[in-house]
Amino acid sequence: MRVIIPSPLHGYTGGASECEAEGATLAELLADLDRRYAGLRFRIVDEQERIRVHIRIYVNRQPALTLAVPLAAADEVLIVAALSGG
Amino acid sequence: MTDSSAATVLLVGTSKGAFVFTSDAARAQWTLAGPYFLGSSVNEIRADPRGGTWLMAAKAGHLGPTVYRRAAGTQEWQEAQRPPAFPKVEGEGGRSVGHVFCFCAGHASEPGVWYAGSSPAGLFRSQDDGLTWDGVAGFNDGLYPQIKHAVMEVPGGSILHSIAVDPRDAAHLYVALSTGGVFESTDRGANWTPLNAGVAAPFLPEPDTPYGHDPHCLAVHPAQPDRLYQQNHCGIYRLDRPATRWTRIGDAMPRDIGDIGFGLALHPRDPDMLWVFPMDGTDVWPRTCLDGRPAVYRSSDGGASWQRQDRGLPPQHAWFTVKRQALCVDAQDAPNVYFGTGSGELWVGEKAGANWRQIAAHLPPILSVQAVSSPPCA
């Protein structure tokens, strides 16, 4: 499925702003992303499997609040680094 | 003795990236390199005295904490394959590393071993020169659950900010955390004993408690490892092991200055010489230069007396803050002292702090400064 990557994470994707990845859940998708781009997953979720405070994930433009959200091959996943701080 | 022809390198961590200043042999001219990782908050860059690796504790605002490593002889930074992280806990209550705060190179007999302290307070060890990190279970899962009721959220979050390895014994460790206190291990971190007797803690309901104190910075003298100093929330202290009761050497500071501050810097060879930077700890703790008149204080007799060093510093109207990792000394034969400010100024105190001169201004808020005697990565 199509995954849109925010600019703070382009250092992991070789500059790519979107990529293809697979998974039946958001957790599986992030694991696949991490296989393709080592270290990317830990920038999105912490060691307790919590989506980091300043990260938002949307599936087909609907907010995904947990890693258990199911995914289908035609879905679009948008990862957003929230605007915050000074 | 050190090579007086060698350059001094200052590794500067700021809230918006890292900078490296390299001097000429006379330490008269400084060349700036960087920023590195512009936009990331860099708590510390630490050079390995054993092999020349540099480690950087960084946190990009949105993306959580990580560690970058620059191997000796290279110019490239490599991200840790497994940064410090707490174990996954099922259900609620698992801890997550907010930021990596400090590093300590391991014992000379253990090349590649590093320790890292984090916020919230955690202790981690790498055995592969910073590529992968594991929690020190004796601290994170052993000591911490026993003392966490005494760990308070200080303004920067609870921090394990100081780590020291006894140069005579790789298994002998000290750590300090705000709040929590100083702790000692003689078995590589498997078991810990509090080491806080004699330290004031009037904010606690039972001041004579074994832990819960608030050290701001702990330093073990490299040439005399039985000599410990700490700058605490409640004063400056010295401990000469095997004694276990700290002596408040800050009582010898001028009354109108007091002995509150964050950083502590030790002379690399003389265990009786140290520098502190008093901060205003009155009322609501502004943590700025006292009366707007910055000064370093030096002791050359183990804290029995103190001398004010302010020549060259602003005489008034200077209200900056010097953080706990932003005061250091180089290792040259005639060492210079350095500090960085929360307003982005970098200062050198030449002739052991006798004359102060500004190296740089307009940097982002400075979080840490470390002096390296020669450029291991050049």
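Up top is the structure these notes are about.
**Quick look at the sheet that holds strand S5 (residues 54-60) of chain B**
All names here are of chain B. One open sheet holds the four strands; their spatial order is S4-S5-S6-S7, and the pairing between them is antiparallel. Of all strands in the sheet, those bounded by a partner on one side alone are strand S4 (40-47) and strand S7 (78-79). Pairing of S4 with S5, which is carried by seven bridges, proceeds in the antiparallel orientation. When the sheet's bridge partners are listed, Arg46 is paired in S5 with Leu55.

**Here we look at the nonpolar core**
Counting residues in each nonpolar core, the largest one holds 100 residues, and the members touching the most others are Val12(B), Met56(B), Val175(B), Ala265(B) and Tyr338(B). Those residues in contact with Val12(B), other than ones at most four positions away along the chain, are Ala18(B), Phe19(B), Phe21(B), Gly340(B), Leu346(B), Ile366(B) and Val369(B). The next biggest cluster of nonpolar side chains, apart from the first, holds 19 residues, and it includes Leu29(A), Ala64(A), Leu71(A) and Val77(A).

**Overview of the pairing of strand S1 (residues 9-14) of chain B**
Sheet faces and side chains relate simply in a regular strand, where the side chains alternate between the two faces. Residues and elements named next belong to chain B. In terms of burial, S1 is a largely internal element, six of the six residues being buried. Here S1 shows no split at all, with Val9, Leu11 and Gly13 on one side and Leu10, Val12 and Thr14 on the other all buried. Relative to strand S2 (residues 17-23), S1 is paired through six bridges, and the arrangement is antiparallel. Bridging across to S2, Val12 finds its partner in Phe19. Two successive antiparallel strands, S1 and S2, enclose a turn made up of two residues.

**Quick notes on the environment of Thr31(B)**
Residue and element names in this part refer to chain B. Of note, Thr31 is situated in strand S3 (residues 30-36). The exposed category is assigned to Thr31, around which 11 C-beta atoms lie within 10 Å. The sequence separation of Thr31 and Pro87 amounts to 56 residues, and the corresponding C-alpha distance is 42 Å.

**Details of helix H1 (residues 26-36) of chain A**
Residues and elements named next belong to chain A. Turning to H1, its buried residues number three or more, namely Leu26, Leu29, Leu30 and Leu33. For H1, the angular spread of the buried residues around the axis is 95°, confining them to a single face. Elements in contact with the buried residues of H1: strand S1 (2-4), helix H2 (40-44), strand S3 (55-59) and strand S5 (76-81).

**Remarks on the environment of Ser15(B)**
Residues and elements named next belong to chain B. Summarising the element assignment, Ser15 is placed in the loop between S1 and S2. Expressed as a C-alpha distance, the spacing of Ser15 and Leu266, which sit 251 residues apart in the sequence, is 25 Å. Not counting residues up to four positions away in its chain, the partners in contact with Ser15 are Ser41, Pro364, Pro365 and Leu367.

**Details of the pairing of S3(A)**
Here S3(A) runs beside S5(A); their pairing, made up of five bridges, is antiparallel. Residue pairing across strands places Ile55(A) opposite Ala81(A), the latter belonging to S5(A).

**A word on the sheet that holds strand S13 (residues 173-178) of chain B**
Residues and elements named next belong to chain B. Taking strand neighbours across the sheet as the criterion, the four strands line up as S12-S13-S14-S15 in an open arrangement whose pairing is antiparallel. In the strand order of this sheet, the two ends are held by strand S12 (159-165) and strand S15 (193-194), each with one partner. The pairing of S13 with strand S14 (residues 181-185) spans five bridges and is antiparallel. Within the sheet, the bridge partner assigned to Tyr174 lies in S14 and is Glu184.

**Section: the interface of chain B and chain A**
Residue-level contacts link 13 residues of chain B with 16 residues of chain A. Of the residues belonging to the side of chain B that touches chain A, the class tally is six nonpolar, five polar and two charged.

**Focus on unusual backbone geometry**
Residue and element names in this part refer to chain B. For the bond running from Gly34 to Pro35, omega is 5°, close enough to zero to count as cis. As for its position among the elements, Pro35 is in strand S3. Note that the residue after Ser119, namely Pro120, is joined by a cis bond; omega there is -5°. Its location among the elements puts Pro120 in the loop between strand S9 (114-119) and strand S10 (122-126).

Rules of the game
Residue indices follow the written sequence of each chain, beginning from 1 at its first position. Working convention: letters from A go to chains and numbers from 1 go to ligands, in the order in which they are written. Two thresholds apply to this predicted model, a pLDDT of at least 70 for residue-level local features and 80 or more for giving and counting side-chain atom pairs, whereas whole-chain, interface and lining totals are computed over all residues. A pair of strands is treated as paired once DSSP finds two or more bridges between them. Each helix is a run of H or I in the DSSP string that is no shorter than four residues. Each strand is a run of E no shorter than two, and both are numbered from the N terminus. Residues of type Ala, Val, Leu, Ile, Met, Phe, Trp, Tyr and Cys that are buried and joined through C-beta atoms within 7 Å form what is called a nonpolar core. Whether a residue is buried, exposed or partly exposed is read from the other C-beta atoms within 10 Å of its own C-beta, which are placed from the backbone; 20 or more gives buried, 12 or fewer gives exposed, and intermediate counts give partly exposed. Here contacts are defined at the residue level, using C-beta atoms placed from the backbone and a cut-off of 7 Å between them. Comment: arc refers to directions from the helix axis out to C-beta atoms. Each residue gets one label: Ala, Val, Leu, Ile, Met, Phe, Trp, Tyr, Cys and Pro are nonpolar, Asp, Glu, Lys and Arg are charged, and the others, such as Gly, are polar.

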